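This is what each chain is made of:
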Amino acid sequence: MSDPVAFVTCFGKKQHTDVHKKTLNCVFDHLLFFENKITREEFLHSRLSVAIYDANSFRRDVLIGAYEFDLAFVYNRKGHELYRKWVALTDVTDEFEGIQGYLKLSITALGPGEMAPAHEEGDEDDEGEGDASNLQAMVLMPPTIKTEEYHLFVKCYKAEDLPKMDKLGKCDPFCQVQFGGTKEKTKMVKGSLSPTWNQEIQVPVVVPSMSDRIAFTVWDWDKAAKDDLIFTTHFSFQDILRTPKPPFWINLYGSKDTDNGKVQLQMNSASMEGTWYRGRILLGLATSKVEAGKLAVNDTSGATEPKPVQFSLLVDLYEGTELEGGSLDVEVSMGKVSVKSKKVDVKGKTALWYESLPEIKIAAPEDPSQIPDILIHLISHGLTKKRLGYLRLKATDVMGFDHHPLWYQLKPNPECDELGDEDIAGFVMLRLGFGQTAKAPKGRASISRPPRKNYEFRAHIYQARNLPAADEVGTSDPYVVVRLGSKRGKSQRRDATLFPQWYETVKFDVELPDPLDYAPAINLLVYDWDKVTADDLLGRCQVPVSHVRQAFPEKPQWYPLYMDDPTATQGEILASFQLIPKAEVNLFPAGTIRPQFKDCIFEIQAVGVRQLLPQKMIAAQNPYLEFDTGTRGTKGGVIRTKACDDPEGANANHLEVLKLPVKLPLDPLFCPYVNVRCIDYRLGGVSTPLLGAASIPIAPFLPWGEGTEVVQEESAEYKAAVAAKAEEAALIDIDAEVDAGAGVPGLADDEQAPLIGPDSELSDVYQAQKDGGPTLFDLELQKRRRRVKKRKNPVPKSRKHITEVYKVSNVRELGEELGLNARDVARLLYPILLKNAELEKAVAETSLQRTIGDVGPTSLCNSDGYMEEEGDDDSEKKQVMTELEKHLELPFHEFPLFRGRTHGLSALEKKLAAKTGGTTIRKAGAFKGNFRVLEAGLEKLAKPAPDLRTLYKPKPVIVRVYVLRGRGLVPYDPNGFSDPYIKIICGRGKHKKEIDDREGVQKKTLNPDFYKCHEMEVMLPGQSDMNVEVWDWDMTSGDDLIGVTTIDLENRWFSDEWNAIKPRPVESRTLWNPASSNPQGILELYVDMLTPADARKTPQDVIAPEPPKKCELRVIIWNTKDVVFKDKAKSDIFVTGTIEGTDKRLETDTHWNSDDGRGMFNWRFKFDVEIPSPVSRLKLQIWDKDLLNPNDAIAEANLNLKGFFKKFAKGDAEVQKLPKQWITMTHPNFEGPQGKAEVEVHLLTEHGAASLPAGLGRDEPNENPHLPPPKRPETSFNPFRIDKILAQKWRRYRWYLYGCLLLVLVLFLLKFLNQLRVSQW
């Protein structure tokens, strides 16, 4: 038997489970959590290894088997997880061959902020319940995993042109292969830059494998210091399995320097793109199916190299823009061959070369993957020579000799500190041609600067969005610089916004090459203005001149902004461009770029601010809110609330309705953002620090356009007026289709004719209307209601969906929906909208009924993301698999306020920001409220704004938090568990309410059962964020926060939908920790809120589960048979029994000297269990007792008693029996059955056990049933019983003794007779 313990290694950290004593099958049920701040590339290159050891107290632990996973393999699976999968363990030390056991595990690999998939409890019950009456069916058998063994061969032949890694210009290289938990290397070749190994690394692989990335590295050996990494690459095992690779060259790239700095190590380990050629190596990759794999390094013969072909690279260098530095040249290299341009001076960020570089010729295989990359370096010649920027291209990118010149953006050289964080290396125009030398052009035409032509360039700058913050308060003061060639222009500045609007045309004259293919790209640079320090670059983008036309563009385009990496974008700018020859400028007059606007009232329903953080360690005292829509600095462009400290500054209730006159565009593309700033009014206005800011899009609140997401419920009169105004143009447009119609705008009175008459297909509608009956829309509404009732689960997606279903304000949409032509709709629409206000009321009522009435418990359970418990009783609790607020239409919008910046950081700020992803931005609180857009002049017809002070007057509310249980908590103790307890906090400062249930700690568990109700009184609206925290209890050190979930109480208290949900559903809420970007577990709870009067009348729910029944499990071991021998031809058999998860281990007496595999016991085990029970496995083991050595494990069986227990729990019987049965037992190291045991099982309640007493073994009271002493053979006895030994010897050898005694007597008698005769003579 082993004492298994699991060790898991990830991110260089190792953790382990508990040790399980003397078992071949164990249940760990242990959660291990690893977290590390690394790049995404490093994360996907990481591995996780699991190793099972046999734990020893004094000797080293012995490896049983191991398995390795690529995190990329796990991350790329559905849900980023590997869920409850069996894997076959192998001995990676190669001491033992074949499968050494099986391990079931789950692995989840998550990036920042990603959620682990939720699983219902039934998903984990993949072992089933078994047959409750058949013991053999309960035996858990090992998984049947069909595996195949392979050898992976990595053949390392030789290398060329390796870098000089040692001070003496030498290198001592060797190769290393790492895969599937194994690592092996070739021999080291001393002092060679072109070594020859001719060795084959042989790696055993068991398929299926969850590792696919083979890490191949080249190292420089050092005698005294740590070996230096030269190069890293990765291969796919599956690719090699499908297609072996004969000898091929792989080109090495990394750092130019041989230092072991951070940047150099990242380049050489393939975590960062290498900028320098480091030689090449000849490899071969293959696999072979084998019977038993073995790790080895073997010598092999030299390889036949791929046949080389002569290639040529032609480079024409034209010019560069956006360049820094005084004197520059360009170096182009391919493999070990390089050429340089002449040095030129930079003028106005532009350098002119216009030269053809010498032809580069290399010999390389015809296979494109073996051809070296093209490296282009921009070199500055100042006091020292520095490589400012580089570009690395594949040869296939420029294959052929007929390419046009192209502009290339150079990347900053990570090894050079000449450029600032916000600088780019520049752009160069090159013409590159590559191909076989035989196909290269024989001569090369000289290049010269093309002729120039004068243009007027116009950059139409509209607006920007999501700009990074560069000011300490979390905003920026942005302006735009436009560059084209050597000319530049600049926009106006917009203050304190991340969503600026300019609507400005920047224009200037510029001289550009003709044709424009040679022209540089347009550069847009967005800066943040600073009063004292230098302005900070917020982002840039480039637009090719070839995309620009002379005419004014129909629509502008959003361009993503970036700093130095075009793939790492942050923010966008809306712009369009014109490029007009100077001679044609008069043909394209400049006009306004402002879109068509509509006068509106932007209504702000400001409820208040929530959870404001202190500013410079001073708590919020008297905050007020300030709003603008990019009109800051204009008269009436900013509107403010009053300063407020009720009930406290950090959670002030402003409860004001503000109305800001604005001009909003008809096209939502141009719709601005509303800027919200929270300012603290201190010392009577002497100090007004900004506490936080936000920019909120207005487009979702527009009552027109496709961007509308928030639907406004307005009065019928207002809707009719807006519809009449909006549809007037539409009705005129269909004038040609309408022959006549009374009361329809745009139609003459003499053209009236009955469009719907007695003879028309809508005659029934006509007659109904004539008689004062229901209108066409009434009938349509009734039809829709009938359709809704027929639906099984008529759950609307949102209020927006409801309103869209019943929208009647557009002629054509309504006609298509009702199946009518435009003429019929026009005939009916106008009078109905004006006179039939009941229709709107009916629609609103129906919407409300469907929104509230259908979102009851049944609807919630049938929606996506909900789960219903067993039973059809509507009073039962329902389970929500996520936070409930994700499924509710909330009464308020909540917008986070931020403070901090990502750009313009000081040296100290950069040091602090390095721990938070390079930013000081953090959430500083939230603004809570609603917005509404009304058309100016019609606002008096609109639904009146709510009286917030009356509607949301603070009142006491009793909050009851029913905390049920935690699932999958992160371990915080060294034993791999936590000791969790609940703490609930609402509010701050003097208004803080707290419940600390440290006394209710649940010891040593990651799945605690709390089942407790916590009650507190709060004032709403006000301190609405309730934090439900889970802490880890510690005896000596301070307690650790495991995670917290935040519940917005007022969003629920004022939500009609939440109030309609009865009973309150159970939520599965994710726990988060401020120190981690990953979830820390799940907390199941539900919340109820009552008025004090209702709370006094309503008792708390009884949520504690019914206590488990105390029961007694009796297991009778009658006999064994077919037990294999461990001591030659006999065994000293005994049987042990254990309930999994407990330390109680019982054993029978010993059947000594069994020579036929049989054992007789008649022995009773007794275990105390609880029903229902979290543990339901009975482990039975057959042993061979040794007196001087450890006992030998012969066989084992794990019985899943879940179904047996469940059947007993459902019934009311006091005794449940499984009759005497034979079960087959096995051993994982040996094939086939290793023995059988005859077993009987009884399960009794506590009362039943007292009524039917029975002793352990065969002790008194020996009854229920009576167990007689076994009738064992006489040969079965303890070897330390001398009397038994003598009796056995007597019985076995007595006849021999009798014969010997008789012989002695005969001899004695003969001797006596002989002496008697002699004496007579």
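Predicted model only: the values in this text are computed from it and were never measured.

Q: I keep staring at the overall build of the chain and nothing clicks. Help me out?
A: Across its full length, the chain holds 21 helices and 61 strands. A burial count over the chain gives 50% of its 1321 residues as buried. Sequence-distant contacts, at least 24 apart, represent 69% of the contacts inside the chain between residues at least 6 apart. When the accessible surface of the chain is totalled, it reaches about 64600 Å², and 51% of it is carbon and sulfur.

Q: How do you make sense of the pattern of salt bridges when you look at a structure like this?
A: Opposite charge on two side chains permits them to pair, given that their charged atoms come into close proximity. For the coordinates displayed, the defined rule picks out 53 salt bridges. E160 serves as the salt-bridge partner of R280, at 3.1 Å between the closest nitrogen and oxygen. Remark: E160 occurs in strand β7 (residues 148-160) and R280 occurs in strand β14 (residues 276-290); sequence separation between them is 120 residues. Looking at R280, the relative accessible area reads 14%, which means it is buried. Two residues, D316 and R431, come together in a salt bridge whose shortest N-O distance is 3.3 Å. Within this pair, whereas D316 is found in strand β16 (residues 308-321), its partner R431 is found in strand β26 (residues 427-436), the two being separated by 115 residues in sequence.

Q: Would you mind showing me how to read the sheet that holds strand β46 (residues 980-986) here?
A: Note: strands within a sheet are paired through backbone hydrogen bonds, in either parallel or antiparallel orientation. Across the sheet, which stays open at both edges, the four strands sit in the order β47-β46-β49-β50 with antiparallel pairing between neighbours. Each end of this open sheet is capped by a strand with a single partner; those strands are β47 (993-996) and β50 (1040-1048). Averaged over all pairs of adjacent strands, the angle between their axes in this sheet comes to 15°, without regard to strand direction. Here β46 pairs with strand β49 (residues 1025-1032) via seven bridges, running antiparallel. By the bridge assignment for β49, I984 is matched with V1028.

Q: Any chance you could explain the nonpolar core here in plain terms?
A: Soluble globular proteins: nonpolar side chains tend toward being buried together. With 37 residues, the main nonpolar core has V332, M334, W353 and I376 as its most contacted residues. Of all the elements in the fold, those that place two or more residues in this core are β16, β17 (327-334), β20 (351-356), β21 (360-365), β22 (374-381), β23 (385-393) and β26. Examining the composition of this core, we find that five residues originate from one element, β16, more than from any other. Ignoring any residue separated from it by four or fewer positions in sequence, one finds M334 in contact with L313, I360, I362, I371, P372, D373, I374, A395 and F434.

Q: I keep staring at the sheet that holds strand β8 (residues 173-179) and nothing clicks. Help me out?
A: Within the open sheet, the four strands sit side by side as β9-β8-β11-β12. Their pairing is antiparallel. Strands with a single pairing partner mark the edges of an open sheet, and in this sheet they are β9 (182-185) and β12 (228-236). Going across the sheet, the axis of each strand differs from the next one's by a mean of 20°, ignoring polarity. Sheet analysis places strand β11 (residues 213-220) next to β12, joined by eight bridges and oriented antiparallel. Counterpart to I214 in the pairing with β12 is F235.

Q: Help me understand the environment of N523 in this model?
A: Its place among the elements puts N523 in strand β31 (residues 522-528). Taking the C-alpha atoms as reference, N523 lies 5.9 Å from C541; in sequence the two are 18 residues apart. At a separation of 2.8 Å, a polar atom in the side chain of N523 contacts the side chain of Q542.

Q: Quick question: what am I supposed to make of a nonpolar patch on the surface here?
A: A contiguous nonpolar patch, built from L1302, L1303, V1306, L1307, F1308, L1309, L1310, F1312, L1313 and L1316 and spanning about 990 Å² of accessible area, is present on the exposed surface. The residue F1312 is located in helix α21 (residues 1282-1320) in this model.

Q: Would you mind going over the confidence of the model for the chain with me for this structure?
A: Reading fine detail from the predicted coordinates is not recommended where pLDDT is low. For the chain, mean pLDDT is 81; residues scoring 70 or higher make up 83% of the total. Taken together, the stretch residues 729-812 has pLDDT below 50 and engages in 126 contacts with residues farther than four places along the chain or on a different chain. Predicted confidence is poor over residues 822-875, with pLDDT under 50, and the contacts of this stretch with residues over four places away or in other chains come to 113 contacts.

Q: Help me out: how do you make sense of unusual backbone geometry in this one?
A: One can expect most non-glycine residues to show negative phi and most peptide bonds to be in trans. Residues K1062 and P1063 are joined by a peptide bond in cis, for which omega reads -5°. Structurally, the position occupied by P1063 is in the loop between α17 (1056-1060) and β51 (1066-1070). For the peptide bond that leads from I1171 to P1172, omega is 0°, which places it in the cis range. Relative to the elements of secondary structure, P1172 occurs in the loop between β57 (1159-1171) and β58 (1177-1184). Despite not being glycine, A270 has its phi angle at roughly 70°, a positive value. The topology assignment puts A270 in the loop between α5 (262-268) and β14.

Q: What is the right way to read helix α19 (residues 1202-1210) from this model?
A: Residues lying three or four places apart along an α-helix face the same way, a consequence of the helix completing one turn every 3.6 residues. Inspection of α19 places G1203, F1204, F1205 and F1208 among the buried residues, and these make up the whole buried set. Each element contacted by the buried residues of α19 is listed here: α3 (135-138), β53 (1109-1121), β57, β60 (1215-1227) and β61 (1230-1245).

Q: Would you take a moment to explain the pairing of β7 for this structure?
A: Strand residues, when the strand is regular, have side chains that alternate between the two faces of the sheet. The sheet contact formed by β7 and strand β10 (residues 196-207) spans ten bridges and is antiparallel. Its bridge partner lying in β10, E148 is registered against V207. Examined bridge by bridge, β7 and β14 share eleven bridges and lie antiparallel to one another. Residue pairing across strands places K158 opposite L282, the latter belonging to β14.

Q: Help me understand the packing of aromatic side chains, please; the structure alone is not making it clear to me.
A: Any pair of aromatic rings gets described here by the distance separating the centres and the angle formed by the planes. Tallying each qualifying case throughout the model produces 32 aromatic pairs. Taken together, a centroid distance of 5.7 Å and an interplanar angle of 65° make the contact between Y318 and Y518 edge-to-face. Of this pair, Y318 sits in strand β16 while Y518 sits in the loop between β30 (501-513) and β31, placing them 200 residues apart in sequence. Per residue, the accessibility class of Y318 equals that of Y518, and both read buried. Between the aromatic rings of Y479 and Y527, the centroid separation amounts to 5.7 Å while the plane-to-plane angle is 20°, which identifies the pairing as stacked. Here Y527 lies in strand β31 and Y479 lies in strand β28 (residues 478-484), a separation of 48 residues in the sequence. Per residue, the accessibility class of Y479 equals that of Y527, and both read buried. What links up through ring pairs into an aromatic cluster is the set F602, F627, F701, F895, F927 and F931. The ring centre of W249 lies 3.8 Å from the NZ or CZ of R280, which sits over that ring. Taking the ring centre of W1118 as reference, the NZ or CZ of K1220 above it sits at 4.1 Å.

What counts as what
Residues numbered from 1 in each chain as written. Predicted model: local features only at pLDDT ≥ 70, side-chain atom pairs only at ≥ 80, totals over all residues. Heavy atoms only, no water. Helix = DSSP H or I, 4+ residues; strand = E, 2+ residues; numbered from the N terminus. Buried < 20%, exposed > 50% of the residue type's maximum accessible area, 1.4 Å probe, protein only. Contact = heavy atoms within 4.5 Å. Areas by Shrake-Rupley, 256 points an atom, 1.4 Å probe, with all protein chains shown as cover. Salt bridge = Lys/Arg side-chain N within 4 Å of Asp/Glu carboxyl O. Pairing = 2+ DSSP bridges. Axes fitted to C-alpha atoms, helices over the stretch in contact; angles between N-to-C directions. Core = buried A, V, L, I, M, F, W, Y, C linked by side-chain atoms within 4.5 Å. Polar contact = N/O pair within 3.5 Å; in protein donor to acceptor, adjacent residues only side chain to side chain. Patch = residues over 30% accessible without salt bridge, like charges linked within 9 Å, V, L, I, M, F, W, Y side chains within 5 Å. pLDDT = per-residue confidence, 0-100. Phe/Tyr/Trp six-rings, centres within 6.5 Å; stacked < 30°, edge-to-face > 60°. Lys NZ or Arg CZ within 6 Å of the ring centre and 35° of its normal.

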